[in-house]
Amino acid sequence: MSLGEAAAGGASSTPGRRLRLLPWAPLLTILAMLAPVAFGLGGTLLPALGWLPALGGHGIGLDAFRDLVAWPGFPRAATLSLTTGFAATAVSLALVCLVCAGWQGTRAFTFVQRALSPLLSVPHAAAAFGIAFLVAPSGWIARALSPWLTGWERPPDLLIVQDPYGLAMIAGLVAKEVPFLLLMTLSALGQVRSGQSVMVAQALGHRRTTAWLKIVLPQVYVQIRLPVYAVLAYSMSVVDVAIILGPNTPPTLSVQVVRWMSDPDLAFRFQAAAGAVAQLALVVAGLAVWRLLEFAAARAGRRWIERGGRGCGDAALRAAGLAAAILVSLAIGLGIAGLAVWSVAGFWTFPNLLPDSLTWRGWARHGPEILSAASETVIIAGAATSIALFLTLASLEAEHRHGLRPTRRALWLLYIPLIVPQVAFLTGLQTLALSTGLAGGRVAVILAHLVFVLPYVFLSLSAPWRAWDARHATVARALGSGPDRVLWRVRLPMLLRPILVAAAVGFAVSVGQYLPTLLVGAGRVETLTTEAVALAAGGDRRIIGAYALAQTAAAFLPFAVAILLPRLLWRNRKGLGHV
Amino acid sequence: MSDATRDGLRLEGLVVSHGGHRLLAIDDHVRPGEVLTVMGPSGSGKSTLLSVIVGTVDPAFAVRGRVRLDGRDLTGVPPEGRRIGILFQEELLFPHLSVGGNLAFGLPPDLRGRAARQARIEAALEEVGLTGFAGRDPATLSGGERARVALMRMLLSEPRALLLDEPFSRLDAALRAQVRDLVFAAARARGLPTLLVTHDATDAAAAGGRVFEIGVPVASG
């Protein structure tokens, strides 16, 4: 600020030394995101081809792939990756379209928005545990229906969670991806004047839902294509949700790769690398197929529009959309409630809806471990978020000061870490770390989290940052303030809320990371997420409930701060628009 | 500041182009206390001209010629060193600062001491009939009150020239004449060369000075 003050007095135009670093911020940001992905992919590909000197692999060949294909579970695991990924993405997208098509601009839509938005911060693992508790044979759904409807006097012997078709896993993914896609769609809707378009189409005699699907969807889809690809790639290769809700014998391909990576017999590393490459290939093929489906859907859609039908079943479609949205928020909401109840449950007889007794014993016994995992989680998330926020603000400010234009290609770069499957490059990073002796540090984990935190922080902050009326800066500078003073005294305070929200998003993303913590931390860095997922196999609901609840709280509390703090600080400032 | 150094605002052979396409050209001298009105349809580059003078022009525009204020060449001088005040169509009061905070923002740092600065702000508010408004949230002011605060904020920074980017077009007719008269009177009283950009003929007539028409509309403006 002293710099700005000095420049304000005179006509000095030489920028300080610090300013000259600013133009490098965007490049540094891209490097922080993409260098680990690139090195990781290399570190996966080489051992897959047999080259890993640390483990005595010097030859180049396809032995690892031969071993992979020889694994009897391979066809099933690969198929599961495709089916669960496509089903979860298609269902999520369809639900989001139905809700928006049927209800955009209504009060119910505002309600749905309010109900679904907070779910975004719930970590995948916690949501998956919550749903697992809900649908399990001894879960709330079975209890609510027993014995009057089902006749069950004790929990039935049914494989609902971890079913061989991955249906529970698909449900878990849908519940988490619907809020994400809805938020992305909402921000896209603002750009295409959807309300007016629908009104015009309605004036031409189309019903609301069909009008939206015919007119708005084609425009919106272009805007949300990258997020949809990210959802597809994520759903095809997710590990933590698959461990909790997915099938076991065999598991999905990504889960199997992680099992091989953690095998004490290091020889399995080659096979793991080959599996990771196969997972990458599957995702690339999946994206290509999805692209073809887009073409086909566009063709069919054009024909549908040209036929000029005015649509039917409007009421049914609208009802289905709303019901699905409510179901999603209930599934996660009740799931979290279930986690909370289980964490303090004593004896809990079936089919009672509530435990016979409550006890803090679980929390008391595991309190110290939960606390230590929570502090590790907060340190890592705090560090990764701070770095991400700094790089993002520096990049955006560099863009502003040097007149750089955000390009379509830059947007693609942001999505690369979200589209390349985690397992494909994180295994490579672990292998590289193993070869260089750097594995297992907290710093390495922070840098790995940064790869995923950065895109979300950037995506969350860039829109409000760029939407800020730059004439405020012109006025402030004409009043004698240098660029630094404008940044610190005008822009940052005015954008306090979106900055805090972006930080909260970044924090939640870091809290939810399972695979980067596990693989880059070499199993030695223990966060709430790694501990909770590790407990999945044991099946002790009381401990799982406690860990998953702590994980949810860690992800959610920063959002509460992000919303409450500006209200407190700017309570007498209506112009900042959050009173 | 002696009157000998008061030469006003000179636009010397100013040519602004975008991608090899000439957007506007102007060569003029706005004397202290004089108002030059620049008129033209939207897209004709009026706002670009202002951004050239104030020093915030987008690097995508190529600028030839120079801007002089009271004899001083402003080429390469950052906006904060130019001493050119600007008023936009919206008041752009900083929403996180109180009315007094907004005025203090532009008050030069060489006026020292809390009490002295506060007294200066109170006096400025009194001058425009807003006595006791220092603690108010700008969002609670009426349109006319906001316009007056924006004017005083700009004047407190002691500019030596004044740029007006359609500053009255959002006010309703009665208020519009009132605010317009206040701004022009303030500019005349302080002997500020003033450049008014507008597409409204009544604004131009009220300004009473020369009118400069710029170019045919182009898409990139």
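Residues numbered from 1 in each chain as written. Chains lettered and ligands numbered in written order. Predicted model: local features only at pLDDT ≥ 70, side-chain atom pairs only at ≥ 80, totals over all residues. Heavy atoms only, no water.

## Re the overall build of chain B
Item 1. Across its full length, chain B holds 6 helices and 9 strands.
Item 2. In terms of C-alpha radius of gyration, chain B reaches 18 Å, essentially the compact-globule figure of 17 Å for 221 residues.
Item 3. Principal axes of the C-alpha set define a box for chain B whose edges measure 50 × 40 × 30 Å.
Item 4. Expressed as a percentage of the 221 residues in chain B, the buried residues total 53%.
Item 5. Considering only contacts in chain B between residues 6 or more positions apart, those separated by 24 or more positions represent 72%.
Item 6. Surface summary for chain B: the accessible area is close to 9100 Å², and the carbon and sulfur share equals 51%.
Item 7. Charged side chains of chain B number 26 positive and 26 negative; the gap between the two group centres comes to 4 Å. (Helix = DSSP H or I, 4+ residues; strand = E, 2+ residues; numbered from the N terminus. Rg over C-alpha atoms; globule rule 2.2 N^0.38 Å. Buried < 20%, exposed > 50% of the residue type's maximum accessible area, 1.4 Å probe, protein only. Contact = heavy atoms within 4.5 Å. Areas by Shrake-Rupley, 256 points an atom, 1.4 Å probe, with all protein chains shown as cover. Lys, Arg positive; Asp, Glu negative; His and termini not counted. Charge placed at Lys NZ, Arg CZ, Asp CG, Glu CD.)

## Focus on the interface of chain B and chain A
Item 1. At the interface, 30 residues of chain B touch 33 residues of chain A.
Item 2. When chain B packs against chain A, the two sides together hide about 2700 Å² of surface, and 64% of this comes from carbon and sulfur.
Item 3. Run the count over chain B and chain A and you get 2 salt bridges.
Item 4. With a shortest N-O distance of 2.4 Å, B:Glu90 and A:Arg471 are connected by a salt bridge.
Item 5. Here chain B is connected to chain A by 5 residue pairs in polar contact (both at pLDDT 80 or more).
Item 6. Counting only elements with at least two residues in the side of chain B that touches chain A, the list comes to strand E6 (84-87), helix H2 (99-106) and helix H4 (143-156) of chain B. (Buried area = accessible area lost by both parts, 1.4 Å probe. Salt bridge = Lys/Arg side-chain N within 4 Å of Asp/Glu carboxyl O. Polar contact = N/O pair within 3.5 Å; in protein donor to acceptor, adjacent residues only side chain to side chain.)

## What to know about the state of the cysteines
All names here are of chain A.
Item 1. Evaluation of the coordinates by the stated rule reveals 0 disulfides over all chains.
Item 2. The thiol sulfur of Cys100 is not disulfide-bonded, and the nearest other cysteine sulfur, from Cys97, lies at 7.0 Å.
Item 3. Cys100 sits in the buried class, given a relative accessible area of 0%. (Disulfide = S-S within 2.5 Å.)

## Quick look at the packing of helix H13 (residues 253-261) of chain A against helix H18 (residues 422-436) of chain A
All names here are of chain A.
Item 1. Look at H13 against H18: their axes get within 11 Å of each other, and the N-to-C directions meet at 10°. Between H13 and H18, the interaxial angle falls into the category roughly parallel. Facing H13, whose interface residues are Ser254, Val257, Val258 and Met261, H18 presents Val423, Thr427, Gln430 and Thr431.
Item 2. Classifying every residue of the contact of H13 with H18 gives 4 nonpolar, 4 polar and no charged. (Axes fitted to C-alpha atoms, helices over the stretch in contact; angles between N-to-C directions. Parallel < 35°, antiparallel > 145°, perpendicular 65-115°, else oblique. Nonpolar A, V, L, I, M, F, W, Y, C, P; charged D, E, K, R; others polar.)

## Quick notes on the pairing of strand E4 (residues 61-69) of chain B
Residue and element names in this part refer to chain B.
Item 1. Pairing of strand E1 (residues 9-18) with E4, which is carried by 8 bridges, proceeds in the antiparallel orientation. In the sheet register, Leu9 faces E4, and the bridge partner there is Leu69.
Item 2. Of the strand pairs in this sheet, E4 and strand E5 (residues 72-73) are connected by 2 bridges, and their pairing is antiparallel. Bridged to Arg68 within E5 is Asp73. (Pairing = 2+ DSSP bridges.)

## Description of the packing of aromatic side chains
Item 1. Summed over the entire model, instances satisfying the criterion amount to 10 aromatic pairs over all chains.
Item 2. Both rings, one in A:Phe133 and one in A:Trp342, keep their centres 6.3 Å apart while their planes meet at 75°; by these two values the pair is edge-to-face. Here the residue A:Phe133 occupies a position in helix H7 (residues 124-135), and A:Trp342 occupies one in helix H15 (residues 314-343), the gap between them amounting to 209 residues.
Item 3. Look at A:Phe133 and you get buried, because its relative accessible area is 7%.
Item 4. Plain terms: the ring middles of A:Trp140 and A:Trp348 are 6.4 Å apart, the flat faces sit at 75° to each other, and that makes the pair edge-to-face. Here A:Trp348 lies in the loop between H15 and helix H16 (361-401) and A:Trp140 lies in helix H8 (residues 140-145), a separation of 208 residues in the sequence.
Item 5. One aromatic cluster is present, built from ring pairs that chain together A:Phe129, A:Phe133, A:Trp140, A:Trp342 and A:Trp348.
Item 6. Here A:Arg471 stacks its cationic end above the ring of B:Phe88, 5.2 Å away from the centre of that ring. (Phe/Tyr/Trp six-rings, centres within 6.5 Å; stacked < 30°, edge-to-face > 60°. Lys NZ or Arg CZ within 6 Å of the ring centre and 35° of its normal.)

## As for the nonpolar core
Item 1. Within the largest apolar cluster, 207 residues are counted, with the highest numbers of intra-cluster contacts made by A:Leu245, B:Ile53 and B:Leu195.
Item 2. With 14 residues, helix H11 (residues 208-237) of chain A is the single largest residue contributor to this core.
Item 3. When we break this core down by domain, the ones giving at least three residues each are domain 1 (1-54 + 365-579) and domain 2 (87-249 + 307-358) of chain A.
Item 4. Counting 34 residues, the second-largest nonpolar core is a separate cluster that includes B:Leu93, B:Leu103, B:Phe133 and B:Leu164. (Core = buried A, V, L, I, M, F, W, Y, C linked by side-chain atoms within 4.5 Å. Domains from an automatic or database assignment.)

## With respect to the domain arrangement of chain A
One widely used convention gives an interface's size as the accessible area the parts lose upon coming together.
Residues and elements named next belong to chain A.
Item 1. As far as domains go, chain A holds domain 1 (1-54 + 365-579) and domain 2 (87-249 + 307-358).
Item 2. For domain 1 and domain 2, the distance between their C-alpha centroids amounts to 27 Å.
Item 3. The partner domain 2 presents 30 residues to the 29 residues of domain 1 that form the contact.
Item 4. Taken as a group, Tyr415, Arg541 and Arg542 account for 27% of the area that domain 1 buries against domain 2, more than any other trio of residues on that side.

## Here we look at a nonpolar patch on the surface
Item 1. A grouping of A:Leu21, A:Trp24, A:Leu27 and A:Leu31 is seen on the molecular surface, where their side chains present a nonpolar patch of about 470 Å² in accessible area.
Item 2. In this fold, A:Leu31 is placed in helix H3 (residues 25-48). (Patch = residues over 30% accessible without salt bridge, like charges linked within 9 Å, V, L, I, M, F, W, Y side chains within 5 Å.)

## Here we look at the sheet that holds E4(B)
Residues and elements named next belong to chain B.
Item 1. Pairing is antiparallel across the open sheet formed by 4 strands, whose spatial order is E2-E1-E4-E5. Since the sheet does not close on itself, it has two edges, and those belong to strand E2 (21-30) and E5, each with one partner.
Item 2. Of the strand pairs in this sheet, E1 and E2 are connected by 8 bridges, and their pairing is antiparallel. Looking at E2, one finds that Leu14 is bridged to Ile26.
Item 3. Along the sheet, helix H1 (residues 46-54) contacts E1, E2 and E4; its crossing angle with E1, the most-contacted strand, is approximately 125°.

## What to know about the pattern of salt bridges
If charged atoms from side chains of opposite charge come close, those side chains can pair.
All names here are of chain A.
Item 1. Tallied over the full model, the rule gives 25 salt bridges over all chains.
Item 2. The partner of Arg66 in a salt bridge is Asp63, with the nearest N and O atoms 2.7 Å apart. Of this pair, Arg66 and Asp63 both sit in helix H4 (residues 63-70), 3 residues apart, roughly one helical turn.
Item 3. For Arg66, a relative accessible area of 53% gives the class exposed.
Item 4. Of the charged contacts in the structure, one is a salt bridge between Glu376 and Arg442, with a shortest N-O distance of 2.7 Å.

## Comments concerning the UniProt feature "domain: ABC transmembrane type-1" (unreviewed entry) in chain A
Item 1. Residues annotated in UniProt with the feature "domain: ABC transmembrane type-1" (unreviewed entry) correspond here to residues 80-289 and 374-565 of chain A.
Item 2. Annotated as 72% helix and 0% strand, the span residues 80-289 of chain A places its first and last C-alpha atoms 16 Å apart. (UniProt positions renumbered as here; feature names shortened; annotations may be inferred.)

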